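Overview (structure and organization)
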Amino acid sequence: MQHTSKLPNVGTTIFSVMSALATEHGAINLSQGFPNFKSDQKLIDLVSKAMNSGYNQYAPMLGDLELRQAIAKKYELLYNTSYHPESEIVVTAGATQAIFTIITTFIKPNDEVIIFKPAYDSYEPNVELNGGKAVPIQLQASNGFKVNWHEVKEKINSQTKMIIINSPHNPTGSVFSKDDMLQLENLTRNTNIMVLSDEVYEHMIYDGENHQSACLFPDLKTRSFVVASFCKTFHNTGWRIGYCCAPKELMQEFLKVHQFTVFCIHHPTQKGIADYMQEPKHYLELSDFYQKKRDLFLTLIKDSKFKFAASKGTYFQVLDYSGITQEHDVDFAKRLTIESGIASIPLSVFNSNNLDNKVLRFCFAKTDDTLKQAADILNRII
Ligand code: GLN
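Residues numbered from 1 in each chain as written. Predicted model: local features only at pLDDT ≥ 70, side-chain atom pairs only at ≥ 80, totals over all residues. Heavy atoms only, no water.

1. Digging into the sheet that holds strand β5 (residues 160-166)
Sheet strands pair via backbone hydrogen bonds, and the direction of the pair is either parallel or antiparallel. What the seven strands build is an open sheet, ordered β2-β8-β7-β6-β5-β3-β4; its pairing is mixed. The sheet is open, and its two borders are formed by β2 (89-92) and β4 (133-138), each paired with just one other strand. Ignoring which end each strand starts from, the neighbouring axes of this sheet average 20° apart. Taken together, the four bridges between strand β3 (residues 112-117) and β5 define a ladder with parallel strand orientation. From the neighbouring strand, I114 faces β5, where its bridge partner is I163. Relative to the sheet, helix α7 (residues 178-188) contacts β5 and β6 (194-198), its axis offset from that of β5 by approximately 175°. (Pairing = 2+ DSSP bridges. Helix = DSSP H or I, 4+ residues; strand = E, 2+ residues; numbered from the N terminus. Axes fitted to C-alpha atoms, helices over the stretch in contact; angles between N-to-C directions. Contact = heavy atoms within 4.5 Å.)

Structure, rendered in structure tokens:
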């Protein structure tokens, strides 16, 4: 058929494959990242209240104004920086739509986009769909997935249009330091390179670290889109609601595409979240909440055959299984699901040339009970 694209076939992303396999075999599903507990009843009540109060017609294209104001307040409170709610903040159908729309707005054929691998699976297809060229930079588990900024400098040329960063990082749980961000700022200063900063895990950062948002660095901020997620922050991945922030001139371009693709987002959810955000503790307490889960999980598996360094952010923990088997990570992840009843995500699918470092990703956004059951299984694997 003539009308086929080079994108992977439907149902073949690793998240679909592993979740389907987990369901088929009744395995504990620590693969696809989503909580298996309910979100705050108060938030559900606020969204219901918004529906019952009549917020059921189109929202403004940029998003409900109260929600944009609440977002602006958050940036002032946490990062002491301002995004104008009327021109620099847009509510989107999840971070995924924001990422797609940013890339589609700015990436033209032959533009190059630097992507650090392992990378979340939607970046590269989005770039290629727009005729752009993804330029991968492979990070190594052996040095904690640190970026070598000299290598980045070498990859930058006149075609470079964008650099995509993601901290806290899915799938590895690593985070960018202030120094990383300063290096990025210096490398892109006085260039036309844009930065897409995927910050969907900003409220899950551990051991007293501070999230280094792109908006904290004044020069970087002028060239950056900051992308964030309410689904992850408020435990409702099915709600598909997120947002992005950027300087007005960039956002004007973004909106040209947004107006004809999504136009506006589910109105009552926006109203409910706007009310819920009036209490900052609803997002400020998340790091403590998830750090406890990370610590529980790691304490429970400390005597297992898996090797690990504690995740620094996100709700993912990577485990090295090289002391157990030399099987390919995709094969091992499938076998663990089918034979042992626990599903995870093999990291090779996010790497350049499917580099296999014998590492699996486990999602710890689960009830303590589920984490205990998962740990029991992992401890038996030798
Ligand atoms: N963000 C989720 C994860 O990393 C996956 C979302 C999806 O299934 N595309 O697990």
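Okay, back to it.
2. Overview of the site of the ligand
Near the ligand you find F15, Q32, G33, Y120, N170, F316 and R361, and these make up its full shell. Take Q32: an N or O atom from its side chain is 2.7 Å from an oxygen atom of the ligand. In the model, an oxygen atom of the ligand is placed 2.6 Å from a nitrogen or oxygen of the G33 main chain. Computed on the free molecule, the ligand has an accessible area of 310 Å², of which 77% lies beneath the protein chains in the complex. The site holding the ligand turns out to be the largest pocket. A breakdown of the residues in the shell around the ligand according to their chemical character gives three nonpolar, three polar and one charged. (Near = heavy atom within 4 Å. Polar contact = N/O pair within 3.5 Å; in protein donor to acceptor, adjacent residues only side chain to side chain. Areas by Shrake-Rupley, 256 points an atom, 1.4 Å probe, with all protein chains shown as cover. 1 Å grid on protein atoms, 1.4 Å probe; cavity = no way out; pocket = protein on both sides within 12 Å on 5 of 7 lines; lining within 4 Å. Sits in = over half its atoms within 2 Å of the grid points. Nonpolar A, V, L, I, M, F, W, Y, C, P; charged D, E, K, R; others polar.)

3. Looking at the side chain of T370
Along the polypeptide, T370 turns up in helix α15 (residues 368-379). Leave out the neighbours within four places in its chain, and T370 touches I28, L30 and N36.

4. Some remarks on the pattern of salt bridges
For the coordinates displayed, the defined rule picks out 19 salt bridges. Across the salt bridge formed by D219 and R223, the nearest N and O atoms sit 3.5 Å from each other. Residue class for R223 comes out buried when judged on its relative accessible area of 10%. For K358, the salt bridge goes to D356, with nearest N and O atoms at 2.6 Å. Several salt bridges share partner residues, and in doing so they unite K42, E279 and K281 into one network. (Salt bridge = Lys/Arg side-chain N within 4 Å of Asp/Glu carboxyl O. Buried < 20%, exposed > 50% of the residue type's maximum accessible area, 1.4 Å probe, protein only.)

5. Examining the packing of aromatic side chains
Scanning the entire structure with this criterion turns up 26 aromatic pairs. Plain terms: the ring middles of F15 and Y120 are 5.9 Å apart, the flat faces sit at 35° to each other, and that makes the pair tilted. Taken together, the positions of F15 in helix α1 (residues 14-25) and Y120 in the loop between β3 and α5 (123-129) put the pair 105 residues apart, joining distant regions of the chain. When its relative accessible area of 9% is taken as the criterion, F15 is described as buried. For Y120, a relative accessible area of 23% corresponds to the partly exposed category. Aromatic pair F225 and F254: ring centres 5.7 Å apart, planes at 35°, arrangement tilted. With F225 in strand β7 (residues 224-229) and F254 in helix α10 (residues 248-261), the pair connects residues that are 29 residues apart, well separated along the chain. Across the pair, exposure class does not vary: F225 and F254 are buried alike. (Phe/Tyr/Trp six-rings, centres within 6.5 Å; stacked < 30°, edge-to-face > 60°.)

6. So, the packing of helix α2 (residues 41-52) against helix α11 (residues 267-276)
Between α2 and α11, the shortest axis-to-axis distance is 8 Å and the interhelical angle comes to 130°. Comparing their axes, α11 and α2 come out oblique. When the axes of α2 and α11 are compared, the crossing they make is right-handed. Every residue of α11 that contacts α2 at K42, L43, L46, V47, K49, A50 and M51 is listed here: P268, T269, K271, G272, I273, D275 and Y276. When grouped by side-chain class, the residues that make up the contact of α2 with α11 number eight nonpolar, two polar and four charged. (Parallel < 35°, antiparallel > 145°, perpendicular 65-115°, else oblique. Left-handed = near helix turned anticlockwise from the far one by under 90°.)

7. Looking at α1
In this model, α1 (12 residues) spans 16 Å end to end at C-alpha, consistent with the 16 Å of a helix rising 1.5 Å per residue. I14, F15, M18, S19, L21 and A22 are the residues of α1 that are buried. Considered in projection along α1, the buried side chains sweep an arc of 160° and stay on one side of the axis. Those residues of α1 that are exposed and aimed more than 90 degrees away from the buried face are T23 and E24. If you follow the buried residues of α1, they end up packed against β1 (28-29), α14 (329-340), β10 (342-343), β11 (345-346) and β12 (359-363). The positive-phi residue at the C-terminal boundary of α1 is G26, with phi of around 60°. (Expected span 1.5 Å × (residues − 1). Arc of directions from axis to C-beta.)

8. A word on the state of the cysteines
As used in these notes, a disulfide is a covalent bond between sulfur atoms, one from each of two cysteines. As enumerated under the stated definition, the model contains zero disulfides in all. Of all cysteine sulfurs in the structure, the one in C245 sits closest to C244, which takes part in no disulfide; the separation is 6.9 Å. (Disulfide = S-S within 2.5 Å.)

9. What to know about the pairing of β6
The buried fraction of β6 is high, at five of five residues. Direction of pairing for β5 relative to β6: parallel, over a ladder of five bridges. Following the sheet pairing, I164 is matched in β6 by L196. Pairing of β6 with β7 involves four bridges; the strand directions are parallel. Residue D198 lies in a different strand from β7, and its bridge partner there is V227.

10. Concerning the environment of N130
Tracing the chain through its elements places N130 in the loop between α5 and β4. C-alpha separation for the pair N130 and D64, spaced 66 residues apart in sequence, amounts to 30 Å. There is a polar contact of 3.2 Å between the side chain of N130 and the side chain of T104. At a separation of 2.8 Å, a polar atom in the side chain of N130 contacts the main-chain carbonyl oxygen of N126.

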